[in-house]
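Here is what each chain is made of, one letter per residue.
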Amino acid sequence: MSSKTLITEFETLLGTDNVISDESGRMSYAYDAAVLEPVLPEVVLRPTTGETLGETIRLCNENNMPVTVRGAGTNLSGGTIPESKGAVVLTNGFNKILEINREDMYAVVQPGVVTAKFAAAVQEQGLFYPPDPGSQAVSTLGGNVAENAGGLRGLKYGVTKDYVMGVDFFDPAGNLIRSGSRTVKSVTGMNLSSLMIGSEGSLGVFNEIILKLVPPPATHRAMMAIYDSVSAASETVAAIIASQIIPCTLEFMDNVTIRAVEDFAHVGLPTDARALLLIEVDGHPAQVAEEAAQVEEICRKMGAVNIRTAKDDAERNSIWEARRAALSALARMRPTTVLEDATVPRSKIPHMVRAVEDIAEKYNLTIGTFGHAGDGNLHPTIMTDRRDKNEWLRVEKAIEDIFDVALSFKGTLSGEHGIGLAKAGFMAKEVGEATLDYCRKMKAALDPKGTLNPGKIIGR
Ligand SMILES: Cc1cc2nc3c(=O)[nH]c(=O)nc-3n(C[C@H](O)[C@H](O)[C@H](O)COP(=O)(O)OP(=O)(O)OC[C@H]3O[C@@H](n4cnc5c(N)ncnc54)[C@H](O)[C@@H]3O)c2cc1C
C-alpha cells in the first residue's frame, strides 16, 4: 500500500483529527527527554479505543511501518525516538481509569493515564499507589510499566514491577495477548507480564494494565541531614541500610545540586553544605517515632552537622519539592543536561560518589550528583553544551567512565531510566554477547518484521 493510501486508511480508522501527517505536527514527536538527535516520523497516530489501537498496530505491521508507542515522551534514554519511515502511536487519547477496586485493592487502567492523576484518584479511595517517578505529573502508567519506572519511595515500597498484577497487550500482528489477573496469586501460564515490564515498547503495546494497590501508611516523618563532607553523607546511607532500617525515602544531593536547587526554588537549603540527605520514614506512629530517632542518631554519629525535621506537612512538602526540583534546577545551568543513571550496590555509594568527583575533575566537567541513594541509584548529571565539540567528546568519555566504574562495583547501567537507544551500545558490557543474542532471538521470534520500537535496548 502506498504511504498516501495508508494514511487515508488510518484517517478512516481513527478520524482525521487523530492522524498527524504535516511536518510541523510530526516534529513535536521527533524527540524525547534524552540528549539524542531527533528523527521525524512519517506519521503520528492517536487511537482512542482498544479496538482501534490493535487495528492500528496490525495495519502498521502489515505495511512494514515500524511503530514507536509514546506516552508522555519523558523517558531519558531515547525510547521514543521514532524511525523516519515509522509511526508514532500516542496513548494520550487512551487514558481511562477503568476500575479502582477497594475491596480487592487493585485498579485497571488504560496505558495513557497520567501517573500522578492515578495516584490522586487512588488516594481519594483511601488507598495508595507508591511508584512516584520524578516525572509523575506528566508521565503515563504505560510508559512507567514499559520502563519499569522507580521513584523516591522505591527503597521501601519497590518500583513499578512490584505493582503490576497483569498486562493485556497487542502483539505486532494486532492480536490481544492476556497475562496476569485480578487475583493476588496467579501462576497460570508463562509470566508474560514480567516479560513486558521494562520491554520499552519493543515486544508489545499495552492495552490494559492491572495494578496492585496497598493501604497508605498511617504517618510519616521527613528530615534533612546536612553534611560538610560528601563521604560522611554517603557513608551515612550505607550505615542506615546496614542498621536494617528501611526509610521510605533516602535521597542524596551534592553541593552543586544544592546550590542549583536553592537558586531555582528558594526553599532554604544550606548552600554551603557539601551534601544533604533527605530522609523520610513512614508507617505506624510508634514505629515512625522510633525509626526517626534511630535515623537521627545514625546521621549524627556519621558526622551530620545539623538535622532539620519537618514540623508539619508544609515543611515536609518543601523538602520534597527541593528534591523534585533537582533536575530542572541543574538543567538551567548550561544548554545541555545529560542525566545519568548508573546504579551500584548500596554499600558502594561512597565509592561511586568519589569516582564521579574524580571523573568530573579528569575531564574538566561540571557534574552534579543527586539521586535515590538508598537504592544505590545515583544520577550524576553533566551540565554541558553539546555544540562545543571538544567538550562533548569529554562528556562522552566521562559517561563511559561512569558506566565502567558502576559495572566494576557490580552495579548496573540503568537503575530506572531504561536502555532505549542511548545505552543499547553498552549492553554487552553488562550482560555479555550471549545474553544479547538470546534477547535478539526472542525479539525476532515474537516480532519477525521488527515492527515494535526497533533498535531499542538490543540495538540492531
Ligand atoms: C524530570 C524527569 C524526572 C524523571 N524522574 C524519573 C524517576 O524518578 N524515575 C524513573 O524511573 N524515571 C524518571 N524519569 C524518566 C521517565 O519519566 C520515566 O521513564 C517514565 O516512566 C516514562 O513515562 P512516559 O509516559 O513519558 O513514557 P515515554 O517516554 O513516552 O515512553 C517510554 C517507553 O515506554 C514505551 N511505551 C509507552 N507507552 C507504551 C505502551 N502503551 N505500550 C508499550 N510501550 C509503551 C515507549 O515506547 C518507550 O520505549 C524522569 C524523566 C524526567 C524528564
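Since we're looking at a predicted model, the values are computed, not measured.

Engineer: Teacher, can you tell me more about the packing of aromatic side chains here?
Structural biologist: For any pair of aromatic rings, the description rests on two quantities: the centre-to-centre distance and the angle between the ring planes. Evaluated as defined, the whole model comprises four aromatic pairs. Relative to Tyr129, the ring of Phe118 lies with its centre 5.0 Å away and its plane at 70 degrees, an arrangement referred to as edge-to-face. Of this pair, Phe118 sits in helix α4 (residues 115–124) while Tyr129 sits in the loop between α4 and α5 (141–147), placing them eleven residues apart in sequence. Assessed through its relative accessible area of 0%, Phe118 is described here as buried. Judged by relative accessible area, Tyr129 falls into the buried class, the value being 1%. Measuring from ring centre to ring centre gives 5.3 Å for Phe128 and Tyr157, while their planes differ by 90 degrees; the resulting arrangement is edge-to-face. Separated by 29 residues along the polypeptide, Phe128 in the loop between α4 and α5 and Tyr157 in helix α6 (residues 154–157) bring together distant segments of the chain. Overall, the relative accessible area of 16% leaves Tyr157 in the buried class. Aromatic ring contacts, followed pair by pair, group Phe118, Tyr129 and Tyr163 into a single cluster. Positioned above the aromatic ring of Tyr163, the side-chain terminus of Lys212 is 5.4 Å from the ring centre.

Engineer: Whenever I open this one, unusual backbone geometry confuses me. Can you help?
Structural biologist: In terms of backbone geometry, most residues other than glycine have negative phi values and most peptide bonds are trans. Positive phi, close to 55 degrees, is recorded for Asn64, a residue that is not glycine. Secondary-structure assignment places Asn64 in the loop between α3 (50–62) and β3 (67–70). A positive phi angle, near 50 degrees, is found at Asn148, a position not held by glycine. Relative to the elements of secondary structure, Asn148 occurs in the loop between α5 and α6.

Engineer: I tried to follow the site of the ligand on my own but got confused; where do I start?
Structural biologist: Taken together, 34 residues form the shell around the ligand, and within it Val69, Gly71, Thr74, Ser135 and Thr140 come nearest. Within the backbone of Val69, a nitrogen or oxygen atom sits 2.6 Å from an oxygen atom of the ligand. Here Thr140 contributes a side-chain N or O atom positioned 2.7 Å from an oxygen atom of the ligand. For the ligand, whose free accessible area comes to 980 Å², the fraction covered by protein is 93%. In terms of residue count, α5 provides more of the shell around the ligand than any other element does, five residues in total. Taken together, the residues that form the shell around the ligand break down as ten nonpolar, 20 polar and four charged.

Engineer: Can you help me understand the pattern of salt bridges in this one?
Structural biologist: Pairing of side chains with opposite charge becomes possible as their charged atoms draw close. Tallied over the entire structure, the rule returns 23 salt bridges. Between Lys429 and Asp404 there is a salt bridge, with its nearest N and O atoms 2.8 Å apart. Pair noted here: Lys429 is in helix α15 (residues 427–431) and Asp404 is in helix α14 (residues 389–408), with a separation of 25 residues, a long-range link. Salt bridges here are not isolated pairs; linked through shared partners, they connect Glu55, Arg58 and Glu62.

Engineer: Before we go on, may I ask you to explain the packing of helix α8 (residues 230–242) against helix α10 (residues 285–301) in this structure?
Structural biologist: Packed helices, taken two at a time, are described by the angle their axes make and the gap between the axes. For the pair α8 and α10, the least separation of the axes is 9 Å and the interaxial angle reads 140 degrees. Judged on the interaxial angle alone, α10 and α8 are oblique. The crossing of α8 and α10 is right-handed. Facing α8, whose interface residues are Thr236, Ala239 and Ile240, α10 presents Val295, Ile298 and Cys299.

Engineer: It is not clear to me how the UniProt feature "domain: FAD-binding PCMH-type" (unreviewed entry) in the protein chain should be interpreted in this structure. Could you clarify?
Structural biologist: As annotated by UniProt and renumbered to match this structure, "domain: FAD-binding PCMH-type" (unreviewed entry) occupies residues 36–216. For residues 36–216, the helix share is 22%, the strand share is 20%, and the end-to-end C-alpha distance is 39 Å.

What counts and what doesn't
- Residues numbered from 1 in each chain as written.
- Predicted model: local features only at pLDDT ≥ 70, side-chain atom pairs only at ≥ 80, totals over all residues.
- Heavy atoms only, no water.
- Phe/Tyr/Trp six-rings, centres within 6.5 Å; stacked < 30°, edge-to-face > 60°.
- Helix = DSSP H or I, 4+ residues; strand = E, 2+ residues; numbered from the N terminus.
- Buried < 20%, exposed > 50% of the residue type's maximum accessible area, 1.4 Å probe, protein only.
- Lys NZ or Arg CZ within 6 Å of the ring centre and 35° of its normal.
- Near = heavy atom within 4 Å.
- Polar contact = N/O pair within 3.5 Å; in protein donor to acceptor, adjacent residues only side chain to side chain.
- Areas by Shrake-Rupley, 256 points an atom, 1.4 Å probe, with all protein chains shown as cover.
- Nonpolar A, V, L, I, M, F, W, Y, C, P; charged D, E, K, R; others polar.
- Salt bridge = Lys/Arg side-chain N within 4 Å of Asp/Glu carboxyl O.
- Axes fitted to C-alpha atoms, helices over the stretch in contact; angles between N-to-C directions.
- Parallel < 35°, antiparallel > 145°, perpendicular 65-115°, else oblique.
- Left-handed = near helix turned anticlockwise from the far one by under 90°.
- Contact = heavy atoms within 4.5 Å.
- UniProt positions renumbered as here; feature names shortened; annotations may be inferred.

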